[in-house]
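As a plain string of letters, each chain reads:
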Amino acid sequence: MEMPSDVEMPAATEQARLFGAGPVPRHGPLDRFLRDRVYGEVLGMSGADLRFVLGPSDNGAMVRCDEVTTSTPVMLKVYGLKWIDGRRWDRPALRADLMRREYDNLRRVQPLGAGRGRHRVVRPFAAAAELGATLAEELVLGPDLLHYIEAAARWSGNGELDARLRQAAEFFADLHTLSATGRPGDGRGALAYLEKVVAQLTDFRILTSAEAAALRSVGRAWEVPGRLGPPDEVLIHGDATPTQFLFPPTGELVAVDFERLQYGDRAADIGRMAGELKHLFRLYTGDPWAGEPHIRHFYAAYLAAAAPAVEADALLDRARFHMACSELRIARNSWVDWDNRRFLVREAAACLAP
Ligand SMILES: Nc1ncnc2c1ncn2[C@@H]1O[C@H](COP(=O)(O)OP(=O)(O)O)[C@@H](O)[C@H]1O
Ligand SMILES: [Mg+2]
């Protein structure tokens with residue numbers, strides 16, 4: 001008998017139960033995966049007395065796993081738990097693909113992200129498609145970049161934020177420079193992305209159709225051949241937001257979440273981050289200009305670290321376009337209040353203007 005596709009399969013319920021908080025049942029599939037492949041093969045710990053306990057998954061896909069006798073933790077990114085189009089546990093093949101892609105990406109960028117003890121990429125341990133599409137990786141304990149941004153905005157921890165932003169800039173510069181292809185890009189993806197977010201914001205009634213038309217019109221100035229195309233494509237993180245950068249007590253930056261790793265324009269990563277800084281400082285302080293000194297610092301640190309591989313004026317010009325896209329992307333979020341969404345739209349228009 002064929003099951004309607006929107007009915008939750010018993011297998012999915014079974015998988016969901018596997019990841020409930022508390023002790024992992026002995027000799028079950030998750031226990032075997034952790035014991036044999038993660039703690040055994042990768043971490044070199046063997047023994048029948050290993051006992052695993054899972055933490056709560058809250059609302060996301062991340063589940064902390066602790067080994068009780070040795071207090072060795074790992075992080076599980078459970079793709080079955082991820083919200084995709086408002087659902088969890090459905091479309092197992094898609095989730096397994098996302099998991100595999102992230103696992104392969106993390107392995108691929110390990111050497112590129114390993115910079116002079118100042119930054120690195122989170123270490124992947126093992127992946128199991130059949131276990132709710134689970135990727136086991138190193139658990140990184142420490143605040144993320146968002147924490148430093150909020151601290152700087154609210155309690156003037158500016159020096160510390162700028163030191164962290166410098167590390168982020170150096171991470172991007174290494175990732176980009178070490179993966180440079182020497183092949184030029186055409187910028188068509190960037191223009192298509194702008195069109196996509198403008199259309200979404202119009203559908204969500206954040207933009208009137210007149211405002212959308214005005215944004216499309218300033219956007220067209222960027223269609224000049226060569227203006228948005230990078231001189232050489234590089235590997236970009238692809239989702240460079242402040243929660244993807246963690247700072248453990250060792251002082252290094254650890255980058256996570258490489259699901260969107262792809263070849264593209266280095267300006268896309270740094271412009272995305274600039275849009276986030278602009279938005280977060282306005283959100284925390286009410287001052288539309290409060291983020292600017294940090295954006296300038298971040299760009300200057302990037303240019304210093306990437307020299308002589310980049311031509312500064314052209315890069316910063318393209319970054320302006322990507323910063324606008326980043327602002328429009330954030331304006332889509334319903335959890336951002338109306339006033340801040342409108343601010344982001346105005347800022348994006350200003351960024352795109354000649
Ligand atoms: N290995 C890790 N150790 C500690 N925290 C992590 C780790 N990986 C991710 N996180 C935290 O969990 C959040 C979500 O993880 P992420 O891989 O970015 O998932 P998503 O694809 O859902 O964004 C991250 O923003 C980060 O704050
Ligand atoms: Mg993420």
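Residues numbered from 1 in each chain as written. Chains lettered and ligands numbered in written order. Predicted model: local features only at pLDDT ≥ 70, side-chain atom pairs only at ≥ 80, totals over all residues. Heavy atoms only, no water.

*Asks:* How do you make sense of the overall build of the chain when you look at a structure like this?
*Replies:* Check the secondary structure of the chain and you find 11 helices and 11 strands. Relative to the compact-globule value of 20 Å for 354 residues, the chain shows a C-alpha radius of gyration of 22 Å, a close match. Dimensions of the chain, computed from C-alpha atoms along their principal axes, come out at roughly 65 × 55 × 45 Å. Residue burial in the chain is summarised as follows: out of 354 residues, 53% are buried. Pairs at least 24 residues apart make up 68% of the contacts formed inside the chain by residues separated by at least 6 positions. Carbon and sulfur atoms make up 54% of the accessible area of the chain, which amounts to about 16,300 Å² in all. (Helix = DSSP H or I, 4+ residues; strand = E, 2+ residues; numbered from the N terminus. Rg over C-alpha atoms; globule rule 2.2 N^0.38 Å. Buried < 20%, exposed > 50% of the residue type's maximum accessible area, 1.4 Å probe, protein only. Contact = heavy atoms within 4.5 Å. Areas by Shrake-Rupley, 256 points an atom, 1.4 Å probe, with all protein chains shown as cover.)

*Asks:* Before we go on, may I ask you to explain the sheet that holds strand β9 (residues 245-246) in this structure?
*Replies:* The strands that make up a sheet pair up through hydrogen bonds in the backbone, lying either parallel or antiparallel. Spatial ordering of the open sheet is given by β5-β10-β9, a layout of three strands whose pairing is mixed. The sheet is open, and its two edges are formed by β5 (119-121) and β9, each paired on a single side. Relative to strand β10 (residues 253-255), β9 runs antiparallel, the two being bridged by two bridges. The residue of β10 that forms the bridge with Leu246 is Val254. Helix α5 (residues 158-178) rests against β5, β9 and β10 of the sheet, and its axis sits at about 55° to β5. (Pairing = 2+ DSSP bridges. Axes fitted to C-alpha atoms, helices over the stretch in contact; angles between N-to-C directions.)

*Asks:* Explain the domain arrangement of the chain here, please?
*Replies:* Size of an interface, as often reported, equals the accessible area lost when the parts are brought together. Domain parsing of the chain yields domain 1 (10-137) and domain 2 (145-352). Here the C-alpha centre of domain 2 lies 30 Å away from the C-alpha centre of domain 1. The partner domain 2 presents 19 residues to the 20 residues of domain 1 that form the contact. A buried area of about 1,800 Å², summed over both sides, lies between domain 1 and domain 2, and 52% of it is on carbon and sulfur atoms. One can count five salt bridges joining domain 1 with domain 2. A salt bridge links Glu170 to Arg118; its shortest N-O distance comes to 3.0 Å. Elements supplying a minimum of two residues to the side of domain 1 that touches domain 2: α3 (92-113) and β5. Among the elements that take part in the side of domain 1 that touches domain 2, α3 stands out by supplying nine residues, more than any other. (Domains from an automatic or database assignment. Buried area = accessible area lost by both parts, 1.4 Å probe. Salt bridge = Lys/Arg side-chain N within 4 Å of Asp/Glu carboxyl O.)

*Asks:* Looking at this structure, how should I read the coordination of the magnesium ion (ligand 2)?
*Replies:* Each donor-metal-donor angle in an ideal tetrahedron of four donors is 109.5 degrees, and each such angle in an ideal octahedron of six donors is either 90 or 180 degrees. For the magnesium ion (ligand 2), the protein coordination sphere consists of Gln244 (OE1) and Asp257 (OD), at 2.2 to 2.6 Å. Highlighted residues: Gln244 in the loop between β8 (234-236) and β9 and Asp257 in the loop between β10 and β11 (262-264), separated in sequence by 13 residues. The two residues Gln244 and Asp257 agree in class, both being buried. (Donors = N, O, S within 2.8 Å, 3.2 Å for Na, K, Ca; no water.)

*Asks:* Quick question: what am I supposed to make of the environment of Asp232 here?
*Replies:* Following the sequence through the fold, Asp232 ends up in the loop between α7 (209-220) and β8. Remark: the alpha-carbon pair of Asp232 and Gly264, spanning 32 residues in sequence, is separated by 8.5 Å.

*Asks:* Explain the packing of helix α8 (residues 266-285) against helix α10 (residues 312-331) to me, please; I cannot follow it from the model alone.
*Replies:* When two helices pack together, their arrangement is given by the angle between the helix axes and the distance between those axes. Between α8 and α10, the least distance of the axes is 7 Å, while the angle of their chain directions is 50°. Between α8 and α10, the crossing angle belongs to the class labelled oblique. Pair α8 / α10 crosses with right-handed handedness. Counted together, Arg266, Ala267, Ala268, Ile270, Gly271, Arg272, Ala274, Gly275, Glu276, Lys278 and His279 of α8 and Leu315, Arg318, Ala319, His322, Met323, Ser326, Glu327, Arg329 and Ile330 of α10 form the full contact between these two elements. Taken together, the residues that form the contact of α8 with α10 break down as eight nonpolar, five polar and seven charged. (Parallel < 35°, antiparallel > 145°, perpendicular 65-115°, else oblique. Left-handed = near helix turned anticlockwise from the far one by under 90°. Nonpolar A, V, L, I, M, F, W, Y, C, P; charged D, E, K, R; others polar.)

*Asks:* Please explain the packing of aromatic side chains as it appears in this structure.
*Replies:* What characterises a pair of aromatic rings is the spacing of the ring centres plus the angle enclosed by the ring planes. On inspection of all chains with the given rule, the structure shows 10 aromatic pairs. Summarising the aromatic geometry, the rings of Phe172 and Phe245 are spaced 5.5 Å apart at their centres and angled 75° between planes, so their arrangement reads as edge-to-face. Placement of the pair is Phe172 in helix α5 and Phe245 in strand β9, with a sequence separation of 73 residues. A relative accessible area of 0% places Phe245 in the buried class. Members of the aromatic cluster, joined through ring pairs, are Phe171, Phe172, Phe245, Phe258, Phe298 and Tyr299. Over the ring of Tyr263 we find Arg183; its NZ or CZ atom is 5.8 Å from the centre of that ring. Across from the ring centre of Trp222, 3.7 Å away, lies the NZ or CZ of Arg227, which sits over that ring. (Phe/Tyr/Trp six-rings, centres within 6.5 Å; stacked < 30°, edge-to-face > 60°. Lys NZ or Arg CZ within 6 Å of the ring centre and 35° of its normal.)

*Asks:* Explain the site of ligand 1 to me, please; I cannot follow it from the model alone.
*Replies:* Contacts to ligand 1 come from 15 residues, most closely from Lys77, Lys82, Glu138, Val140 and Asp257. Contacts to ligand 1 include Glu138, whose backbone N or O atom sits 2.7 Å from a nitrogen atom. Between ligand 1 and Thr243, the relevant distance is 2.9 Å, taken from an oxygen atom to a main-chain nitrogen or oxygen of the residue. Against a free-state accessible area of 540 Å², the protein chains account for coverage of 77% of ligand 1. Both domains that meet at the shell around ligand 1, namely domain 1 (10-137) and domain 2 (145-352), each give it at least three residues. (Near = heavy atom within 4 Å. Polar contact = N/O pair within 3.5 Å; in protein donor to acceptor, adjacent residues only side chain to side chain.)

*Asks:* Honestly, the nonpolar core in this entry has me stumped. Any pointers?
*Replies:* For soluble globular proteins, the rule of thumb is that nonpolar side chains tend to be buried together. Judged by nonpolar contacts, the single largest core of 82 residues is most densely connected at Phe171, Phe245, Phe298 and Leu328. Here this core takes nine residues from α10, the largest share from any one element. Of the residues that make up this core, three or more belong to each of domain 1 (10-137) and domain 2 (145-352). Beyond its immediate chain neighbours, meaning those up to four positions away, Phe245 contacts Pro143, Asp144, Leu145, Phe171, Phe172, Ala240, Leu253, Val254, Ala255 and Met273. By size, the runner-up hydrophobic cluster in this structure holds 25 residues, among which are Phe33, Val63, Leu76 and Val78. (Core = buried A, V, L, I, M, F, W, Y, C linked by side-chain atoms within 4.5 Å.)

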